[in-house]
Amino acid sequence: MPDFRGTQGFWRAYPVIAKLGLSFEGMANPAWFEENPHLAWAFYGHRLNLYRKTTPHQGFNQLLEIGAAKPGGYFVFTSNVDGQFQKAGFAPERVVECHGSIHHFQCATSCTDEIWDAEGEAVNVEESTFRALEPLPRCRNCSALARPNILMFGDWSWLGHRTEAQHERFTKWLNQLAKSLAKLAVVELGAGSAVPTVRHTSERVLQGISGTLIRVNPREDDVPSGQIGLPFGAAEGIRRICDCAESLARDAKPRG
Ligand SMILES: [Zn+2]
């Protein structure tokens, strides 16, 4: 999947947006749905189609296996909008998507607070011109343009109640853990400091519950003292955590 880190990387993935001189921050703005709906929907439609086609890598399965085996279970907190955790089999009621989801739509004018599942909505993007073709997704209520339920930059029309309900479930789970003697392992994957929501969340939850932060990040693996930093990509980091857990389990077994 395209890595949007750095303007050059973003422009390589989207040459037409490069010609317009727009950065990711400039493009991920709800104003485009009004100013140039075909371009806005080319950008989000292209990503929607790509994420629908993508199979989550092995690391997702390994992570789910670890989490599901824990007595207190797991929770996912992600700034990704691509829905890959759910696709990999993580329970939807155990996921917080703090920036929303590309697989859910809302009215661009937020005429009602309805957020609907985008399954069955098709967006066709003409690759050569990077324009979404008609018909563009429409609001089910007022037939104005629809937009993804993603929190964009300078976004005042994003409907946050789906994400708020996820936050509430997450808080409830954390409160239950805090009351128990559970130790929490926070596995943080590829969370940069540019938009630090995820990094802050990792550190914040460990202020209320005892446990360890394992920060997996190829460039920014610095951690508060006593925590663990692994300078790897996500899939590699998870693989190493699994290897480590396996060898600990082996060492714990009595030898004859
Ligand atoms: Zn509407």
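Our subject in this report is the structure included herewith. Counting starts from 1 at the beginning of each chain's written sequence and moves along it residue by residue. Reporting in this predicted model follows two pLDDT cut-offs: at least 70 for local features of residues, and 80 or more for side-chain atom pairs to be given and counted; totals over whole chains, interfaces and linings ignore these cut-offs and use all residues. As a rule here, side-chain values cover all heavy atoms of the structure and leave hydrogens and water aside.

Every protein donor of the zinc ion is accounted for by Cys107 (SG), Cys111 (SG), Cys139 (SG) and Cys142 (SG), and the metal-donor separations fall at 2.2 to 2.4 Å. Coordinating donors are taken as N, O and S atoms within 2.8 Å of the metal, stretched to 3.2 Å for Na, K and Ca; because water is absent from the atoms, sites can appear incomplete. Square planar and octahedral assignments, for four and six donors respectively, both demand that opposite donors be over 155 degrees apart and that all other angles lie between 65 and 115; tetrahedral needs four donors with all angles between 85 and 135 degrees, and anything else is irregular. Angles of 106 to 114° at the metal separate the 4 donor atoms of the zinc ion, which places the site in the tetrahedral class. Here the donor residues of the zinc ion share one chain and are spaced in sequence as C-x3-C-x27-C-x2-C. With a gap of 28 residues between them, Cys111 in the loop between strand E3 (100–107) and strand E4 (115–117) and Cys139 in the loop between strand E6 (131–132) and strand E7 (146–150) connect regions that are remote in the sequence. The rule is simple: take the accessible area with a 1.4 Å probe, protein chains only, and divide by the maximum for that residue type; under 20% is buried, over 50% is exposed, in between is partly exposed. Residue Cys111 is classed as partly exposed on the basis of its relative accessible area of 36%. Starting at the N terminus, helices and strands are each numbered in turn, a helix being any DSSP run of H or I of at least four residues and a strand any DSSP run of E of at least two.

With that settled, consider the nonpolar core. Judged by nonpolar contacts, the single largest core of 33 residues is most densely connected at Ile17, Met27, Trp41, Phe43, Tyr44 and Phe130. Going through the elements one at a time, helix H4 (32–35), helix H5 (37–53), E3 and E7 are the ones with two or more residues in this core. It is H5 that provides the largest number of residues to this core, a total of 8 residues. Should any heavy atoms of two residues lie within 4.5 Å, those residues are counted as being in contact. Those residues in contact with Ile17, other than ones at most four positions away along the chain, are Phe10, Trp11, Leu22, Met27, Phe43 and Phe130. Only buried Ala, Val, Leu, Ile, Met, Phe, Trp, Tyr and Cys residues count toward a nonpolar core, and they belong to the same one when joined by side-chain atoms within 4.5 Å. Within the second largest apolar cluster, 16 residues are counted, among which are Cys98, Trp173, Val186 and Val198.

Here we come to the pairing of strand E8 (residues 184–189). Strand residues, when the strand is regular, have side chains that alternate between the two faces of the sheet. Only one face of E8 is covered, namely the face carrying Leu184, Val186 and Glu188; the face carrying Ala185, Val187 and Leu189 is uncovered. Relative to strand E9 (residues 211–216), E8 runs parallel, the two being bridged by 6 bridges. Across the sheet, Val186 pairs through a bridge with Leu213, a residue of E9. After leaving E8, the chain enters helix H9 (residues 197–208) and then returns to the sheet as E9, a path that is right-handed. For two strands to be treated as a pair, DSSP must find at least two bridges joining them. Whether a crossover is right-handed depends on one test, that the path from the first strand over the helix to the second runs clockwise when the strands point away from the viewer.

On to the packing of aromatic side chains, then. Any two of the Phe, Tyr and Trp rings considered here, Trp counted by its six-membered ring, make a pair once their centres fall within 6.5 Å; the pair's planes then place it as stacked at under 30 degrees, edge-to-face at over 60, or tilted in between. On inspection of all chains with the given rule, the structure shows 19 aromatic pairs. Consider the rings of Phe33 and Trp41, whose centres lie 5.7 Å apart with planes at 80°: the pair is edge-to-face. Accessibility classification places Phe33 together with Trp41 in one group, the buried group. A ring pair is formed by Phe75 and Trp173, whose centres lie 5.5 Å apart and whose planes are at 45°; its orientation type is tilted. One end of the pair, Phe75, is in the loop between helix H6 (58–68) and strand E1 (76–78); the other, Trp173, is in helix H8 (residues 161–179), with 98 residues separating them in the sequence. Of the two residues, Phe75 and Trp173, both sit in the buried class. The ring of Tyr74 is capped by Arg94, whose NZ or CZ atom sits 5.8 Å from the centre of that ring. Placement of a positive charge over a ring is assigned whenever Lys NZ or Arg CZ falls within 6 Å of the ring centre and within 35 degrees of the normal to the ring plane.

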